[in-house]
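Fold and geometry: a report
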Amino acid sequence: MTALNRVPSLMARAGTASALTLAAVGASIVVPGTASEAAAATSATKALRVAASKKGAPYQWGATGPHRFDCSGLTLYSFKKAGKKLPRTAAQQYNKARHISAGSRRAGDLVFFHSGGYVYHVGIYAGKGKIWHAPKTGDVVRLQKIWTRSVSYGRVG
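Let me begin by describing the structure that accompanies this report. As the structure is a computational prediction, the values presented were derived from the model and not from experiment.

Formed by 24 residues in total, the largest nonpolar core has its most connected members in F69, F79, L110, F112, V122, I124 and V141. Of all elements in the fold, only α4 (43-53), α5 (71-81), β2 (110-115) and β3 (118-127) reach the threshold of two or more residues within this core.

Encoded structure:
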C-alpha cells in the first residue's frame, strides 16, 4: 500500500492537517491496526504464538519443553523462543514481570493466579478473558477461560 492510498484513512484517524503534512514530507504514521504484521509482532505476541503452537502437549511437573510442560515451563519456553528470558517458577516470573492493571492487559501478557500472597499458576493472556496454559497433571496445553478473579497481570520487558 503506498502512502497515497493511505492518506484518506490517515485523514480520518490522524486529522486532515496531520495526514496532509505527513503525505507532503513522505513520512509515515503508526496507527494501531495499520502497522505491518511483521512490525507489530512483539516478543509478547511471538510468545503467545509459540504457546498456542504447543496445544495438546502433555503436562509434566517440572518440564520446560519442547514436548512437555508445566505452567511456568510453558511461559519460560514461549518467551525464550521470542527472545526474552524469564526465571523458572511462576512466583519468580511474577517477581520479574512489570505488574499491570487488568484494564491494561493485552494479548501476550502473563496472567498470575494467586491465593493470598502465594502465586501458584501462570499462563499467557490470549485476549477475551482466555489464557494459554499447561493446567495440571493428566491435562494438556490448552486455551481456557480465566476461572477466577484472583489473578494479577504482568508484562515481560
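Another aspect to go through is the pairing of β2. Pairing of β2 with β3, which is carried by 6 bridges, proceeds in the antiparallel orientation. When the bridges of β3 are listed, V111 appears paired with G123. The antiparallel pairing of β2 with β3 creates a hairpin that spans 2 residues between the two strands, and G116 there sits at a positive phi of about 65 degrees. Sheet analysis places β2 next to strand β6 (residues 151-155), joined by 4 bridges and oriented antiparallel. Paired with L110 across the strands is G154, a residue of β6.

A full pass over the atoms with the stated rule returns 5 aromatic pairs. The interplanar angle of 85 degrees and the centroid separation of 5.3 Å between the aromatic rings of Y94 and F112 together place this pair among those described as edge-to-face. Highlighted residues: Y94 in helix α6 (residues 90-96) and F112 in strand β2, separated in sequence by 18 residues. Given a relative accessible area of 23%, Y94 falls into the partly exposed group. Among the residues examined, F112 registers a relative accessible area of 0% and is labelled buried.

What follows concerns the environment of T148. Topologically, T148 is positioned in the loop between β5 (142-145) and β6. Residues T148 and F113 lie 35 residues apart in sequence; the distance between their C-alpha atoms is 8.2 Å. A polar contact of 3.1 Å, which involves the side chain of T148, links it to the backbone nitrogen of S150.

Between two packed helices, both the angle of their axes relative to each other and the distance between the axes serve to describe the pair. For the pair α4 and α5, the least separation of the axes is 8 Å and the interaxial angle reads 125 degrees. Taken together, the axes of α4 and α5 are oblique relative to one another. Handedness of the α4/α5 crossing: right-handed. Residue-level contacts link S43, A44, A47, V50 and A51 of α4 to L74, Y77, S78, F79 and K81 of α5. Grouping the constituent residues of the contact of α4 with α5 by class yields 7 nonpolar, 2 polar and 1 charged.

Counted under the stated rule, the structure contains 3 salt bridges. Two residues, R88 and D70, come together in a salt bridge whose shortest N-O distance is 2.8 Å. Separated by 18 residues along the polypeptide, R88 in the loop between α5 and α6 and D70 in the loop between α4 and α5 bring together distant segments of the chain. Among the residues examined, R88 registers a relative accessible area of 26% and is labelled partly exposed. A relative accessible area of 6% means that D70 is categorised as buried. Note that D139 and R142 form a salt bridge whose closest N and O atoms lie 2.9 Å from each other.

Criteria and cut-off values
Residues numbered from 1 in each chain as written. Predicted model: local features only at pLDDT ≥ 70, side-chain atom pairs only at ≥ 80, totals over all residues. Heavy atoms only, no water. Core = buried A, V, L, I, M, F, W, Y, C linked by side-chain atoms within 4.5 Å. Buried < 20%, exposed > 50% of the residue type's maximum accessible area, 1.4 Å probe, protein only. Helix = DSSP H or I, 4+ residues; strand = E, 2+ residues; numbered from the N terminus. Pairing = 2+ DSSP bridges. Phe/Tyr/Trp six-rings, centres within 6.5 Å; stacked < 30°, edge-to-face > 60°. Polar contact = N/O pair within 3.5 Å; in protein donor to acceptor, adjacent residues only side chain to side chain. Axes fitted to C-alpha atoms, helices over the stretch in contact; angles between N-to-C directions. Parallel < 35°, antiparallel > 145°, perpendicular 65-115°, else oblique. Left-handed = near helix turned anticlockwise from the far one by under 90°. Contact = heavy atoms within 4.5 Å. Nonpolar A, V, L, I, M, F, W, Y, C, P; charged D, E, K, R; others polar. Salt bridge = Lys/Arg side-chain N within 4 Å of Asp/Glu carboxyl O.

Interpretation note: all reported values are geometric properties and have no functional meaning in isolation.
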